[in-house]
Amino acid sequence: MADDRSTGTESVTVPLDRLASTCRALSRQPRARLACAAAENDPRCPGAFAVHYVFSLPERSLYSSVGAPIPASAPSFASLTPLLPAANLHEREIREFFGLTPVGHPDPRPNLLHELWPEGTHPLRRDFDPAAARSGQPAPDYPFQRVQGEGVFEIPVGPVHAGIIEPGHFRFSVAGEPIINLEIRLGFVHKGIEKLAEGRTPAEALSLAERVSGDASFSHGLAFCQAVERLAGAEPPPRALLLRVVFAELERLYNHLGDIAGIATDVGFAFGAAQMLILRERVLQRNRELAGHRLLRGIVVPGGVTADLAGSSAESLRSFLASLLADFIEVERIYLEADSLMDRVEGTGVVPRKVAEDLGAVGPAARACGVDEDLRQDHPYAAYAELPFQVQLQEDGDVAARMAVKAAELRESVSLISRALDRLPEGPCRSGLPDGNPAAGTALGWAESSRGEVLHRLTLDSQGRVARLKIKSPSFSNWPLLSWAVRGEIVPDFPLINKSFNLSYSGNDR
Amino acid sequence: MFDIIRRNLKTGQVTVPVTAGGDPEFELVGAELKAKLSRLLNGRSLHVREVDAGSCNGCELEITGLSTPVYDIERFGIHFVASPRHADVLLVTGPVARQMELALRKTYEAAPEPRIVIASGDCALDCGVFAGSYAVYGPVESVIPVDIRIKGCPPPPMSILRALLAAVDRL
Ligand code: SF4
């Protein structure tokens, strides 16, 4: 990877036996967070691999990666999970998708791949044979955690749920009313996106990136395009960087409106939900008018954006946002005055700050526990460096705090968009990449989506095709928080607590 | 709250101005749907069960949008139900992920006849961008019989409404 501070990233390769100690040193830097861990096939040596740990170091505005080669003769590496709990699911994923053993990891179970695949199925290995995997003997049943004791019973829910939501399986162990343990089993909508991307051109892979999680289409597309641009050494024109802020914040707006509505729905506050959903729909319709797509697909491309805002549409967007904000503030006041709502959300579904930090939580869920992190500030991209804003924090870590963070961020989004519009220079909104083909190599791209950190780690080969695309969604980081948030709560509050995170299943499962 | 209610009463339906920004046809198709339903189902609403068989959630975003006051398809007699056992129609999205294939089959089997199936979105029709993945079983029709197909990524609310109208014609 380009070891260049100007890209906001650095990377080192160390011998495998020094990987853990190097990571430990990084993890002790101030506000360090393990963002993701990823494995890859060694392009030169069949059967050999490499693993990489990527840390966010906000104090230095740096993503720092540490990698180590893994020889074909001993496909294993020392697990960091006992030291850094945030590594848990990343390492489980490396084990199942590459067949590399994280030695010392406390949980040997697969994470995303279900029993229908034979044992030894490792889809991201170069020699993976899908036909053999389909015809083999299914693996033994997944061993759920067992909570035993007098009066303890289990409630399994899903994968298909009552509402219009994505599929996932939840297994509650309860004693009387309170939840003792929640085990979350996902992977149902695993689509093999990382493997599918391999061998494609960046332009082809972009349409996959935009479909990792529909409601974060723009953020995933943006993160991917920024990785391509880092490899190409290309910087989009200033106008494009500001327009990216506009679209990214429009995406945050409609999602936060929908999330706040969801919380109202789950406490039976139908009036409040309806009002927020009207506002959400107004944003979706505006997206369509501005950019031709309600979910903002097909707009971000390597080198810029395809949708420009002509003079009059910038003006009308400004007045649209002013009226949206006025309406939002009016509805928000009603929320805050509705005891039936506030009684349910205050003190419910608490995530302690220490847990959020240890698990590497991101986005509004982390900020609601007082964890100060927001990629727009910590690792500025697009035009965020020139648009200062207040990172929104709360302390309580409950449903109310998550709702409050989103409500405050809505206001910041409106302000960011209008300031981006103020600064919009004349000029193109897209530039070609230098001589067409980005250079071979690896680069990161990231974006703060409405749920938090989206990270794409892209490796292109000498033909300019994708050799490896690792996608880390904010939901992957945050799902484990939910298990903590529901402990001691009652099952009927689960939908509410779940909605206050509103995580993406597809983003997690990919 | 009462201020807003008062204003809403004054401005008439909240749905009108925003829907007009989308498609005035929505009201026409909706009215036709409602008329047909009251003839066919004796005033009962049409029960729709949504099944995400592997979607990216973009399709769900638009389907949930149908129940918001802006579209409010409940007023035409469309009701989203919690269980396939109550469903007249299954509205299926996504390429069928291998890890959802069984759940989709079971959901279909749980629905009572005639169980009209709408495959909604490019992925449901031909796996869309996910075609060829080891983790994707196939389009919806490779798992259960499909009656109606909706194109789009994701299909906009109007297309879904039209498909529901077509579903009623098959009852
Ligand atoms: S059709 Fe488009 S929106 Fe729907 S699931 Fe497929 S990719 Fe997502």
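Look a little higher up for the structure.
Description of the structure in this document. (Residues numbered from 1 in each chain as written. Chains lettered and ligands numbered in written order. Predicted model: local features only at pLDDT ≥ 70, side-chain atom pairs only at ≥ 80, totals over all residues. Heavy atoms only, no water.)

1. A closer look at empty space enclosed by the protein
For the coordinates displayed, the defined rule picks out 6 cavities of 30 Å³ or more. Considering only enclosed or pocket space, the largest cavity measures out at about 90 Å³ in volume. Residue lining of the largest cavity: 13 residues in total, with Ser55(B), Cys56(B), Cys59(B), Cys123(B) and Cys153(B) positioned closest to the centre. Taken together, the residues that form the lining of the largest cavity break down as 7 nonpolar, 3 polar and 3 charged. Its volume calculated, the second largest cavity comes out at about 70 Å³. Every residue lining the second largest cavity is listed: Asp259(A), Pro364(A), Ala365(A), Arg402(A), Lys406(A), Ser450(A), Arg451(A), Asn478(A), Ser500(A), Phe501(A) and Leu503(A). Tallied by class, the residues present in the lining of the second largest cavity amount to 4 nonpolar, 3 polar and 4 charged. (1 Å grid on protein atoms, 1.4 Å probe; cavity = no way out; pocket = protein on both sides within 12 Å on 5 of 7 lines; lining within 4 Å. Points joined across faces, edges and corners; volume = space filled by probe spheres on them. Nonpolar A, V, L, I, M, F, W, Y, C, P; charged D, E, K, R; others polar.)

2. A few points about the packing of helix 5 (residues 202–209) of chain A against helix 6 (residues 217–232) of chain A
A pair of packed helices is captured by two measures, namely the crossing angle of their axes and the spacing between those axes. Residues and elements named next belong to chain A. Relative orientation of the contacting elements helix 5 and helix 6 amounts to 155 degrees, with a least axis distance of 8 Å. The angle between helix 5 and helix 6 falls in the class roughly antiparallel. For helix 5 against helix 6, the interelement crossing comes out right-handed. Packed against helix 5, whose contacting residues are Pro202, Ala205, Leu206 and Ala209, the element helix 6 presents His220, Gly221, Phe224, Cys225 and Val228 at the interface. Taken together, the residues of the contact of helix 5 with helix 6 break down into 7 nonpolar, 2 polar and no charged. (Axes fitted to C-alpha atoms, helices over the stretch in contact; angles between N-to-C directions. Helix = DSSP H or I, 4+ residues; strand = E, 2+ residues; numbered from the N terminus. Parallel < 35°, antiparallel > 145°, perpendicular 65-115°, else oblique. Left-handed = near helix turned anticlockwise from the far one by under 90°. Contact = heavy atoms within 4.5 Å.)

3. Things to note about the site of the ligand
Taken together, Arg211(A), Arg297(A), Ser55(B), Cys56(B), Gly58(B), Cys59(B), Gly121(B), Asp122(B), Cys123(B), Gly152(B), Cys153(B) and Pro154(B) form the complete shell of residues around the ligand. Taken together, the residues near the ligand originate from chains A and B. With respect to the pocket detection grid, the ligand is positioned in the largest cavity. Of all the secondary structure elements, the ones that give two or more residues to the shell around the ligand are helix 4 (58–65) and helix 6 (122–126) of chain B. Within the shell around the ligand, the residues separate by chemical class into 5 nonpolar, 4 polar and 3 charged. (Near = heavy atom within 4 Å. Sits in = over half its atoms within 2 Å of the grid points.)

4. Remarks on the pattern of salt bridges
Residues and elements named next belong to chain A. The final tally for this structure, using the stated rule, is 52 salt bridges over all chains. A salt bridge links Glu373 to Arg33; its shortest N-O distance comes to 3.1 Å. Taken as a pair, Glu373 in the loop between helix 12 (363–367) and helix 13 (375–378) and Arg33 in strand 2 (residues 33–41) lie far apart in primary sequence, 340 residues in all. Residue classification places Arg33 among the buried residues on the basis of a relative accessible area of 6%. Note that Glu357 is salt-bridged to Arg353, the shortest N-O span being 3.0 Å. Of the two residues, Glu357 and Arg353 are both situated in helix 11 (residues 353–358); the distance of 4 residues between them amounts to about one turn of the helix. Judged by relative accessible area, which is 39%, Arg353 ranks as partly exposed. Among the charged side chains, a network of salt bridges with common partners joins Glu249, Arg252, Arg367, Asp374, Arg376, Glu409 and Glu448. (Salt bridge = Lys/Arg side-chain N within 4 Å of Asp/Glu carboxyl O. Buried < 20%, exposed > 50% of the residue type's maximum accessible area, 1.4 Å probe, protein only.)

5. So, the nonpolar core
Note on soluble globular proteins: their nonpolar side chains tend to be buried together. Residues and elements named next belong to chain A. Among the nonpolar cores identified, the biggest contains 138 residues, and Phe247, Leu250, Leu317, Leu341 and Leu482 are the most heavily contacted of them. The leading source of residues in this core is helix 7 (residues 238–266), at 15 residues. The residues touching Phe247, leaving out its near neighbours within four places in the chain, are Phe218, Leu290, Ala291, Leu296, Ile299 and Ala307. Within the second largest apolar cluster, 34 residues are counted, among which are Ala20, Phe77, Ala86 and Phe98. (Core = buried A, V, L, I, M, F, W, Y, C linked by side-chain atoms within 4.5 Å.)

6. Side note on the interface of chain A and chain B
Contact with chain A, which involves 58 residues of that partner, is made by 49 residues of chain B. Both faces combined, the contact of chain A with chain B buries some 4200 Å², and carbon together with sulfur accounts for 64% of it. It is Ile164(A), Lys191(A) and Arg211(A) in chain A that bury the most area against chain B; as a group they hold 16% of the surface buried on that side. The tally of links from chain A across to chain B stands at 1 salt bridge. Here Glu62(B) and Arg294(A) are joined by a salt bridge, their closest N and O atoms 2.4 Å apart. Taken together, the links from chain A to chain B amount to 22 residue pairs in polar contact (both at pLDDT 80 or more). Breaking the side of chain A that touches chain B down by element, the ones donating at least two residues are helix 3 (130–135), helix 4 (193–197), helix 5, helix 8 (270–291) and helix 9 (311–337) of chain A. A total of 10 residues in the side of chain A that touches chain B trace back to one element, the largest contributor, which is helix 8 of chain A. (Buried area = accessible area lost by both parts, 1.4 Å probe. Polar contact = N/O pair within 3.5 Å; in protein donor to acceptor, adjacent residues only side chain to side chain.)

7. Considerations on the packing of aromatic side chains
Summed over the entire model, instances satisfying the criterion amount to 14 aromatic pairs over all chains. Relative to Trp479(A), the ring of Phe170(A) has its centre 6.1 Å away and its plane inclined at 40 degrees; by these criteria the two rings are tilted. Of this pair, Phe170(A) sits in strand 8 (residues 169–175) while Trp479(A) is found in helix 15 (residues 474–486), placing the two residues 309 residues apart along the sequence. An aromatic cluster of at least three residues, connected via ring pairs, comprises Phe170(A), Phe172(A), Trp479(A), Phe494(A) and Tyr505(A). Lying across the ring of Phe144(A), Arg171(A) places its NZ or CZ 3.8 Å from the centre. Of note, Lys191(A) hangs over the ring of Phe130(B), and the distance from its end group to the ring centre comes to 5.5 Å. (Phe/Tyr/Trp six-rings, centres within 6.5 Å; stacked < 30°, edge-to-face > 60°. Lys NZ or Arg CZ within 6 Å of the ring centre and 35° of its normal.)

8. Notes on the sheet that holds strand 12 (residues 441–449) of chain A
All names here are of chain A. Judged by pairing direction, the sheet is antiparallel, and its 3 strands sit side by side in the order 12-13-14 without closing on themselves. Of all the strands in the sheet, just strand 12 and strand 14 (466–472) have a single pairing partner and so form its edges. Between one strand axis and the next, the sheet turns by 15 degrees as a mean value, whatever way the strands run. Packed on one face of the sheet, helix 6 meets strand 12, strand 13 (452–460) and strand 14 and runs near 150 degrees to strand 12. (Pairing = 2+ DSSP bridges.)

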